[in-house]
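A closer look at the structure
Below, each chain spelled out in residue letters.
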Amino acid sequence: MRNLLDDYALISPLRYRNIWLKLSVVAFGLIIGVSSVSPVTPLFIALSMGFATVFFGKTPPKFYLALLLAPLGFAIAGSIVILFFFGSGSEVFSFEVFGYRLTANAGGLEMAVLVISRTLGGMSCMFFLALSTPMIELFSVLKRSRIPDSVIELSMLIYRYIFLFLDVAICIKYAQTVRLGYTGLRRSLYSIAMLASTLFIRSYEQGEKLYIAMNSRCYDGKLTLLDTKRPIRVSEAVLTSVYAIITIALFVR
Amino acid sequence: MAILATCDLGYRYPDGTVAVKGVEIDVEAGKKTAFVGKNGSGKSTLFLLLNGTLKPNNGEIIFHGRPLEYDSRSLRELRRKIGIVFQNPDDQIFAPTVQQDVAFGPTNLGFSSEEVERSVNHALEYVGLAHLRDKPPHHLSGGEKKRVAIAGVIAMEPEVIILDEPLSNLDPVGADEIMDMLGELNHFNKTIIISTHDVDLAYGWSDYVYLMSDSRVIGEGTPDQVFSDPELLRKAGLRQPTTLEIYHEIERRGLAAGDRAPINVPELVDALKPPDLIWVRVPPETRKGDALNLGVMYGDYAHNCPYEAVNATVLHIHADGQAIVEMRRKGIRAGCIMIYDMGGYEPGEFQKIMTDYEIDAVGAMGKKSKKIAERDGIYLDVASGVIDKSILLALSGKRCLIITNGGMVGHALKRIRDYVEKSGIAINVGMIGAREG
């Protein structure tokens, strides 16, 4: 019924790797990728991250490509504009549309390629994190980064209840659909309003129940965060270093 | 001794709805108590009163002989000792992972992090969910969620566990597993209180029953007392348990005899009068008063139950070679029930037991044992209602093996021995395997 990034992250084998290692790999990739002036470095990062996500993280390649397609679409659209309206240098090609002459020159082409490669590099880093690290693993990172406990606890509860209410919403929507609640615009609007108000009331009730549930287990203002220790393995450290060295070599070249 | 009692307990919701009125109960320590009543009879409200969530308008709750105070320290103490499992596990599970939810209670009790980890491990192991510890609750099935909710309460090591409709939305096998687990907890001296509208469950499971209707307790007693009173059941809006209904019908037809009402299928079977007289086709030279040896009876006479009928007496010769014969029957092969502790499971030994003891049927109790059986391709003839089914199989001469582990071993042994004692039918029961004795 639902297809969330978080669900893929939960089943990824990379979930059980050291989270700080994953975060530094991603941060490294983002910084180097964005500050690189040659398209080769971001493309190399994109390739490595994509390989890691699909091969080590066991994300279905089809799903991964579909995921990449969305940001890539934006990047290509933007690049076309850049290609024809920015940059200088020798003319690469040109053609005429409705009497306007559109010219692409070397500088523009270079910039367009760079934009696309940076987008790919950056997105593949973000997807690596999103598809290998479910939200529940990130709470301990939030805790370490000294964010106030109440904010973290609130976000833990919110995370849990997102799914609960998502299920409720899906059920209500289904119940409305089978009784023809979504035929025609007027009825659809009416149904969706009903869904929203019911969901609001439900969440209010759920809050009451949550309070009772927590109290009956002696709640005294503490939610636990069990910090599981996941040491970095030698093979992971070696692989990461090799990746970092090649990337830096490409970067300073 | 009563561990939890109430005295003229009454509660009215702020909108004026009376939910509990004049309730007096005495729940004994170490017993299984069921509150039975139709929807809206006040069971859930009563439970919220019992763990101090709601404060009664009048009357009081007495825990361990002392009236309940409503300051936060006493409430904390009470809630530590009385755990409550809600009907809908989604109302109870709020942490993002299974492990964190189970850890919630122990952390609140101020356990050190090692103690928290130990109690979480123990509780998850106990309900058979250790492998799902890192999962978020929305990835679990209904039965698994229920077990997480129970684990969250067990981890706090309460003396009393209250479960509101423990079997709602569970499939039969899942329901059976929960009930086995409750039996095991009870075996370790936990007081268990459940609410249900399932009369069959309350009748077969509980030691003591309260019938509730319209916010009041309208009847109480042992299950056979309460459920044998049709007038009371009608007032409560409930029906008779199926076992009891069948028993009353066959008793009325003179086919059953027993001094007490049977609470489960094996006891019902015991109550049946064996047919002493049967029609048999006899050789023409047979005379009245002759002794006939009918040999082993199969097929038309006795499906699936090999009985030897020797020295049957011919009482009457009918036309067409038919005769009425009085039988004295005896089982030709005594059935037995063996219990194997999967805690000491070893595939080689297990296979040897299967062949050496000529086991006919294997049943598994508990998630852990079922998992091992599935992994090692052990075929399970019985997967639900294991103890009752095994007794029935043993009664018809089969040799059964129950594989289980932990506290369920003792629980199963006790239940079968209780049956042997009550029915007077000697079934061989015992432990086998490395952990014998």
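Residues numbered from 1 in each chain as written. Chains lettered and ligands numbered in written order. Predicted model: local features only at pLDDT ≥ 70, side-chain atom pairs only at ≥ 80, totals over all residues.

Here's the deal with the confidence of the model for chain A
Let me state the cut-off plainly: Values of pLDDT, which run from 0 to 100, indicate the predictor's confidence residue by residue. Numbering of helices and strands starts at the N terminus; helices are DSSP runs of H or I of at least 4 residues and strands are runs of E of at least 2.
For chain A, the mean per-residue pLDDT works out to 87, and 98% of the residues sit at or above 70. Mean pLDDT in chain A bottoms out at strand β1 (residues 91–97) of chain A, which sits at 79, and peaks at helix α3 (residues 40–56) of chain A, which reaches 92.

Topic: the domain arrangement of chain A
We count it as follows: Where a domain begins and ends is set by an automatic assignment or by a domain database.
Parsing chain A into structural domains produces domain 1 (5–133 + 230–252) and domain 2 (140–215). For domain 1 of chain A versus domain 2 of chain A, the distance between C-alpha centres works out to 34 Å.

Observations regarding the packing of helix α7 (residues 172–187) of chain B against helix α16 (residues 407–423) of chain B
All names here are of chain B. For clarity, the cut-off: The axes are straight lines fitted to the C-alpha atoms, using for helices just the contacting stretch, and the angles between their N-to-C directions are given from 0 to 180°. We call two directions roughly parallel when the angle between them is under 35 degrees, roughly antiparallel when it is over 145, roughly perpendicular when it lies between 65 and 115, and oblique otherwise. Any pair of residues counts as being in contact when their C-beta atoms, constructed from backbone geometry, are within 7 Å of one another. Here the nonpolar group is Ala, Val, Leu, Ile, Met, Phe, Trp, Tyr, Cys and Pro; Asp, Glu, Lys and Arg are the charged ones; every other residue, Gly included, is treated as polar.
Packing of α7 against α16 brings their axes to within 9 Å, and their N-to-C directions diverge by 90 degrees. The angle between α7 and α16 places the two elements in the roughly perpendicular class. Residue-level inspection shows Asp180, Gly183, Glu184 and His187 of α7 in contact with α16, the latter providing Gly407, Met408, Gly410, His411 and Lys414. Partitioned by chemical class, the residues of the contact of α7 with α16 number 1 nonpolar, 5 polar and 3 charged.

A look at the confidence of the model for chain B
With 93% of its residues at a pLDDT of 70 or more, chain B shows a mean pLDDT of 84. Model confidence for the complex: the whole-complex pTM is 0.77, and ipTM, which rates the interface, is 0.73.

Re the interface of chain A and chain B
Facing 24 residues of chain A, the contacting portion of chain B comprises 29 residues. Where the side of chain A that touches chain B is concerned, the elements lending two or more residues are α6 (135–144), α7 (149–178) and α8 (185–215) of chain A. Sort the elements by how many residues they give to the side of chain A that touches chain B and α7(A) lands first, with 6 residues. In terms of residue class, the side of chain A that touches chain B is made up of 16 nonpolar, 3 polar and 5 charged.

Remarks on the sheet that holds strand β16 (residues 312–317) of chain B
Hydrogen bonds along the backbone pair up the strands of a sheet, which may run parallel or antiparallel. Residues and elements named next belong to chain B. Note the threshold: We call two strands paired when DSSP finds no fewer than two bridges between them.
Read from one edge of the open sheet, 4 strands run β12-β17-β16-β13, paired in antiparallel fashion. Taken across any chain shown, the strands that pair with only one partner, and hence form the sheet edges, are β12 (277–281) and β13 (291–292). In this sheet, β16 lies alongside β13 in antiparallel orientation, the contact comprising 2 bridges. Opposite Leu292, over in β16, you have Ala312 as the bridge partner.

Comments concerning α3(A)
Note the cut-off: A helix is expected to reach a length of 1.5 Å times the quantity of its residues less one. As a rule, residues whose C-beta atom has 12 or fewer other C-beta atoms within 10 Å are exposed, those with 20 or more are buried, and those in between are partly exposed; C-beta atoms are placed from the backbone.
Compared with an ideal rise of 1.5 Å per residue, which puts 17 residues at 24 Å, α3(A) spans 23 Å between its outermost C-alpha atoms and is within 8% of the ideal. Among the residues of α3(A), those classed as buried are A:Thr41, A:Pro42, A:Leu43, A:Phe44, A:Ile45, A:Ala46, A:Ser48, A:Met49, A:Gly50, A:Ala52 and A:Thr53.

Points about the nonpolar core
All names here are of chain B. Stated formally: Each nonpolar core consists of buried Ala, Val, Leu, Ile, Met, Phe, Trp, Tyr and Cys residues. Their C-beta atoms, within 7 Å, join them into a set.
Counting residues in hydrophobic clusters, the biggest one holds 81 residues, and the most contacted among them are Val36, Val85, Val102, Ala123, Ala151 and Ile162. With near-sequence residues (within four places) excluded, Val102 lies in contact with Val120, Ala123, Leu124, Val148, Ala151, Gly152 and Ala155. Cys336, Tyr340, Phe350 and Leu401 belong to the second largest nonpolar core, which has 29 residues in total.

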